[in-house]
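# Remarks on the overall topology
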Amino acid sequence: WLVINSLIHKYKIMRKLIYILLTLSIFYGCQEDKDVGFDISISQENISFQPTAGGAIMHYRLPADPNILSIRIRYQDAFGKEILRTGSYACDSLLLVGFNEAKQNVTAFITLCDRNNVESVPLEVSFDTKDSGPVAFFEQLEIRPSWDGFLLTYDVPQNANGMAHVFYIGKDPKTQEPDTLLVKSFQITSGADTLAFPLKEPAPQNTIIVRTEDFRGYMVKQQVWENIEAYSTALLTPSKFDFLDPEELSIEDPEAKLSKSYLFDGDTKGETSFGTDRDTYGTYLAGPDCFGKPLFIIDLREEKLISEVRLYSMLYTKKSFPSGSSGKYGYVWGGQNFTKIPCNVTIYASNDKTDESSWEKLGHFEQSRELDNNLRWCSKSPLINSRDELHTLQEIKAAQPQYISIPFVATGNAYRFIKVVINDTFGQIGGWGSINMNEFVTFHEFEVYTKKD
């Protein structure tokens, strides 16, 4: 038994040694295979680079080999960070990112990778980049004076992206101390745009700061503009301009209380119309055939920076408007006025009213003529919504006016003449109301805002 037990023990030891030797041989065999490496390489002819904003696009064509799983490119970004990008047969290009200012001859290394994650001998290449979005954003960036604030205009090239942050030096509302205050942050996208930034408490001149960052959270660039003027605006009093009616469209009827003078009497809600009988109106009416021609021209007497015009509609006041279609102007009103209220208005300006080519389009307002009555800018006008009827002067004084505001970009160009063109008026509501075939126009008040002297 002793002999048998000794033999069994030796057998077990030998079996363990054989197992260890087999494992080691397999391991070293794999190491030798790995040392041999993946011997398929990619040709320089199958690689090309196209510079783009913030990097480059690498176009590639992989060899037709079933052992190849992917292609890899390694390089350092603008901050020295190692970047690895991987592509496959599913695509033929890779976007190489991580750069800000344009670079030339960025060194990179390309390898092929097999299904065992073994890479080929690296191929050294180089590529160029273009300015990234956060850098290119400043190339066409302008900060200009505007109404109670400033204008920001930019034109960013294709494929650019990033974030822009706009600040100004103002007073912190909590500490009342000077501070850098954020106005707005927005995403940088390709294309041109103009943004207006009115300030809550603008100084006569402001310091504007613009910073940009990339989508990895790196702050890229900053620029400061000092002494940017903020134009203060003021309502121009009617005594400082003249009303011109080249097409003689304004209906002047003292007995019916219809006149251009009601456009400039300061009544923006309809107090002058309150309590009138069915044949007197206390408002402005023009026509027929008003569409597409100068409804009227405002002569400012001198060239001015124009910031805005407003057109008001009267509110629904008790007995402010005839309920029927009789009377001298019953055929015009048809028992209501909303189909004569403008839904499409264009404002032009010029310094020579006799030169048709000199008129420049300043602004435009448009709503669909078939818009739901509750969404129309004049939704509280007579007979649109009976629930909005105001019964006393006190109610009228407490109510908010309804108006179109047409603001103009502060280009720095001053004009003497303003031309108002009505292109269309609102349509019927649910098939009810006149269709204004004769193109009459009415609104209750007209205001002009200019740079404050």
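Our subject is the structure listed above.
Rules used in this analysis
Residues numbered from 1 in each chain as written. Predicted model: local features only at pLDDT ≥ 70, side-chain atom pairs only at ≥ 80, totals over all residues. Heavy atoms only, no water. Disulfide = S-S within 2.5 Å. Buried < 20%, exposed > 50% of the residue type's maximum accessible area, 1.4 Å probe, protein only. Pairing = 2+ DSSP bridges. Helix = DSSP H or I, 4+ residues; strand = E, 2+ residues; numbered from the N terminus. Axes fitted to C-alpha atoms, helices over the stretch in contact; angles between N-to-C directions. Phe/Tyr/Trp six-rings, centres within 6.5 Å; stacked < 30°, edge-to-face > 60°. Salt bridge = Lys/Arg side-chain N within 4 Å of Asp/Glu carboxyl O.

This part takes up the state of the cysteines. For the coordinates displayed, the defined rule picks out 0 disulfides. You can see Cys343 has no disulfide; the closest cysteine sulfur is in Cys378, sitting 8.8 Å from it. Take Cys343: its relative accessible area is 2%, and that puts it in the buried class.

Each strand in a sheet pairs with another by means of backbone hydrogen bonds, the pair being arranged parallel or else antiparallel. Within the open sheet, the 4 strands sit side by side as S15-S25-S19-S22. Their pairing is antiparallel. Lying at the two open borders of the sheet, with one neighbouring strand each, are strand S15 (233-235) and strand S22 (402-407). Recorded for the sheet is a direction-independent mean angle of 20° between the axes of neighbouring strands. Two elements, strand S19 (residues 306-313) and S22, share 6 bridges in a ladder whose sense is antiparallel. Within the sheet, the bridge partner assigned to Glu308 lies in S22 and is Pro407.

One pass over the full model with this rule turns up 22 aromatic pairs. Arranged with centres 5.9 Å apart and planes meeting at 80°, the rings of Phe99 and Phe127 form a pair that is edge-to-face. Separated by 28 residues along the polypeptide, Phe99 in the loop between strand S5 (93-96) and strand S6 (106-114) and Phe127 in strand S7 (residues 123-127) bring together distant segments of the chain. In this structure Phe99 comes out as buried when scored by relative accessible area, which is 5%. On the numbers, 5.4 Å between centres and 55° between planes, the contact of Tyr281 with Trp333 is tilted. Of this pair, Tyr281 sits in the loop between strand S16 (242-244) and strand S17 (284-286) while Trp333 sits in helix H3 (residues 330-333); the two residues are 52 residues apart in sequence, bridging distant segments of the chain. Here Tyr281 matches Trp333 in class, with each residue buried.

Let us look at the pattern of salt bridges. Counted according to the given criterion, the structure contains 14 salt bridges. Of the charged contacts in the structure, one is a salt bridge between Glu271 and Lys397, with a shortest N-O distance of 3.4 Å. A residue pair is termed long-range when its members are at least 10 positions apart, and Glu271 in the loop between S16 and S17 and Lys397 in helix H4 (residues 393-398) qualify at 126 residues. The exposure class assigned to Glu271 is partly exposed, which follows from its relative accessible area of 32%.

Here we take up the sheet that holds strand S2 (residues 55-60). Strand order in the open sheet formed by 3 strands is S1-S2-S5, and the pairing between neighbours is antiparallel. Only two strands of the sheet have a single neighbouring strand rather than two, namely strand S1 (47-52) and S5. Strand-to-strand twist of the sheet, defined as the mean angle between neighbouring strand axes without regard to direction, takes the value 20°. Note: S1 against S2, 6 bridges, orientation antiparallel. Its bridge partner lying in S2, Ile47 is registered against Tyr60.

Along strand S20 (residues 342-350), 8 of the 9 residues are buried, which leaves the element largely enclosed by surrounding structure. Where S20 and strand S23 (residues 415-425) come together, 8 bridges link them in antiparallel fashion. Bridging from a neighbouring strand, Ile347 pairs with Val420 of S23. Pairing of S20 with strand S21 (residues 360-366) involves 6 bridges; the strand directions are antiparallel. Bridge pairing in S21 links Ile347 to Gly363.

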